[in-house]
Each structure stands twice: as C-alpha cells, then as structure tokens.
Amino acid sequence: MKRIVTLQDISCVGRCSITVALPVISAMGVECGILPTAVLSTHTMFKHFTCKDLSDQIEPISDAWEKEQVAFDGIYTGYLATGDQCRQVCKFFDRFAGEPGQRDGRCMIIVDPAMADHGRLYQAFDASFPDRMAQVCARADLILPNITEGSLLTGLPYKTEYDEAYIQEMLERLLLLGCGTAALTGVSYEPGRLGVAALDRNGKSESYFTRRCEQSYHGTGDIYSSAVAGGLMRGMSLGDALALAADFVVRCIEATASSKNPRWYGAEFESQIPWLCERLKEM
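Residues numbered from 1 in each chain as written. Predicted model: local features only at pLDDT ≥ 70, side-chain atom pairs only at ≥ 80, totals over all residues. Heavy atoms only, no water.

Draft legend 1. Summary view of the pairing of strand β11 (residues 205-211). Pairing between strand β10 (residues 193-200) and β11: seven bridges, direction antiparallel. Of the residues in β11, the one forming a bridge with Arg 193 is Arg 211. The hairpin formed by β10 and β11 contains four residues between the paired strands, and Gly 203 there has a positive phi angle of roughly 90°. (Pairing = 2+ DSSP bridges. Helix = DSSP H or I, 4+ residues; strand = E, 2+ residues; numbered from the N terminus.)

Draft legend 2. The nonpolar core, seen in detail. Counting 44 residues, the largest nonpolar core has Ile 75, Phe 92, Val 111, Met 133, Val 136, Ile 143 and Ile 167 as its most contacted members. Looking at which element gives the most residues to this core, the answer is helix α3 (residues 83-97), with seven residues. Judged by nonpolar contacts, the second largest core, of 42 residues, contains Val 30, Phe 248, Ala 267 and Leu 280. (Core = buried A, V, L, I, M, F, W, Y, C linked by side-chain atoms within 4.5 Å. Buried < 20%, exposed > 50% of the residue type's maximum accessible area, 1.4 Å probe, protein only.)

Draft legend 3. Seen up close, the sheet that holds strand β3 (residues 51-53). In spatial order, the strands read β3-β2-β1-β4-β5-β8-β9-β10-β11; together these nine strands make up an open sheet with mixed pairing. Strand pairing shows two members of the sheet lacking a second neighbour, β3 and β11, which therefore form its edges. Contacting β1 (3-13), β2 (31-42) and β3, helix α2 (residues 55-67) runs over the sheet at an angle of about 160° to β2. Of the strands in this sheet, β1, β2, β3, β4 (74-77) and β5 (108-111) touch α3, which is tilted by about 175° from β4. (Contact = heavy atoms within 4.5 Å. Axes fitted to C-alpha atoms, helices over the stretch in contact; angles between N-to-C directions.)

Draft legend 4. Region of interest: the pattern of salt bridges. Per the counting criterion, the structure on display carries 14 salt bridges. Note that Arg 3 and Glu 31 form a salt bridge whose closest N and O atoms lie 3.2 Å from each other. One end of the pair, Arg 3, is in strand β1; the other, Glu 31, is in strand β2, and 28 residues separate them in sequence. Of the charged contacts in the structure, one is a salt bridge between Arg 103 and Asp 141, with a shortest N-O distance of 2.9 Å. Placement of the pair is Arg 103 in the loop between α3 and β5 and Asp 141 in the loop between α4 (129-137) and β8 (142-143), with a sequence separation of 38 residues. Residue class for Asp 141 comes out partly exposed when judged on its relative accessible area of 29%. Three or more residues joined by partner-sharing salt bridges are found here, namely Asp 63, Glu 66 and Arg 95. (Salt bridge = Lys/Arg side-chain N within 4 Å of Asp/Glu carboxyl O.)

Draft legend 5. Fine view of the pairing of β2. With nine bridges connecting them, β1 and β2 associate as parallel partners. Directly across from Gln 8, in β2, lies its bridge partner Pro 36. With respect to chirality, the unit in which β1 leads through helix α1 (residues 17-27) into the neighbouring parallel β2 is right-handed. Pairing of β2 with β3 involves three bridges; the strand directions are antiparallel. Of the residues in β3, the one forming a bridge with Leu 40 is Cys 51. (Right-handed = clockwise from strand over helix to strand, strands pointing away.)

Draft legend 6. Spatial organisation of the packing of aromatic side chains. The final tally for this structure, using the stated rule, is 14 aromatic pairs. Both rings, one in Phe 125 and one in Phe 129, keep their centres 3.9 Å apart while their planes meet at 5°; by these two values the pair is stacked. The same class applies to Phe 125 and to Phe 129, which are both buried. By the ring-pair criterion, three or more aromatic residues cluster together here, those being Trp 65, Phe 72, Phe 92 and Phe 96. (Phe/Tyr/Trp six-rings, centres within 6.5 Å; stacked < 30°, edge-to-face > 60°.)

Right under this line is the structure:
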C-alpha cells in the first residue's frame, strides 16, 4: 500500500483541509499520514473559532520520523498559514523527497497553493505571501492552483473572461516556477462547463470538463486536490486522476445542494465516498 503524508491545518469541525484529505485518501486505498500545521476548533467560515499554530511541531515530528526511517511515496501540501511555514515545508521536502538536483523520483510532491480565490488573496495573507508559496510550488511534481492563485504566482492579470490562449500562457508561466506539471482548476471556455487544464514540462497537455454547478461550497478545492493525490498514489494517469476528482466534486456539490447544512459549512463528501469507491473498482 502506498503512503502519502499531507501537511496542512486540521479543523475539528467543518469540512476542509486534513478533515477532508484524511478520509478521502484513505477511502481510496492509500495510507494517509498527517502533519498538522495548525489545529482549529472549526474552519474559519464559522463566526467563532480557536486556532493553535503548530509551526513549532513540524521539525520535531520530522526528526522523529527520520529517526524511525519513515518513508513516503507522496507528500501533499494544502493551506499553509505563514511564509515561515512555506520555508519549513521546503525543508520537509528536502528531508523526505530529496534536495533539489538529488531527488530519486520515488516520492511525488503535490502542492495545492491554497491562498486565494475570486481574484483576491485570503485575508490572512499579505502581498508577499505568493512569493513564498512560489518557492513551495517550485519543488513540486504537480501543482493545483485555481485561476486566482495562478495569476498571483505568475504575475498575469486575473480575468473572469478569457480564452484558451490566456490559460495556455498561465500554464507555461507556472511551469517556469520549476514544477513538473501545472494543473489549473476552475477553467471554463463555455457556459455550463467547468474543469481543469494541465501542462507538463515536456509539452503534454491534459484537460477535462464536466457540468458546471451553480452552487459553491467551502472545501471543494480540498476535496478535488485530495482525490487527485489519492488517484496518483494508486498509479492512475494524471488525466484519469483529474477527471475522477472533478466528477467526485460535482457529486459532492449536488449532494450538498439538497442538504439542510448552511453553504459555508462545507461540501458533503462523506455520502459520496461509496460512489468514489465503486468508480475506483471500474478503473
């Protein structure tokens, strides 16, 4: 069984980050280790929440794992709270995946640069944060930014109306950061269709589009990236992993739309895990 570790925050209640990654990846038949960067009582869309920064635990946990000779087939990062956490994560890559120029390729690095949406940075970050996240992306085999994050990482203007040439240019600029493959999420070229477009450093492109849901829920990006990570760890091709994750997110959104939970609570992925498992049997 493959083993991946995810580095991001964990919310005790609410669907996002590790609270999504751990069950989704585990359900896909992949062992999922966790290294929480912070623990929150709930995610930040709740009115009242507590947050305990765990930056001071990243290195001691890494030391303990190294002494036990723990190894990983994959490293998957999500929301990182500070620029210093970005530095710590790069150091973690060095220890468990190999330093730049010395990697043996046995450990895949997947980065979801979760820092922005709808044309702006999340409130917790200042204007210098994208440069720190770019350093994390530079070390990745695969990055999964949305268009806002792609804009911030490349310096291209953010657009809500665009053509394929704009997406192609953004993907090419993302590759200049140093990553192996860039996959832009939330791409749409026609009404009613939404999906992902990817490009690797060898010029190979991938894309997948599905029906666009009118609803939008907290945590769908985490569901998508987690399903992609799980698929790749299972040995799926990038194209198949991107497509499976997109279909899974649509199922989760549609299930949430009929739920009584408020929109900000998070996308209901739990009820759709049986569907995900059945799909995996067919692949």
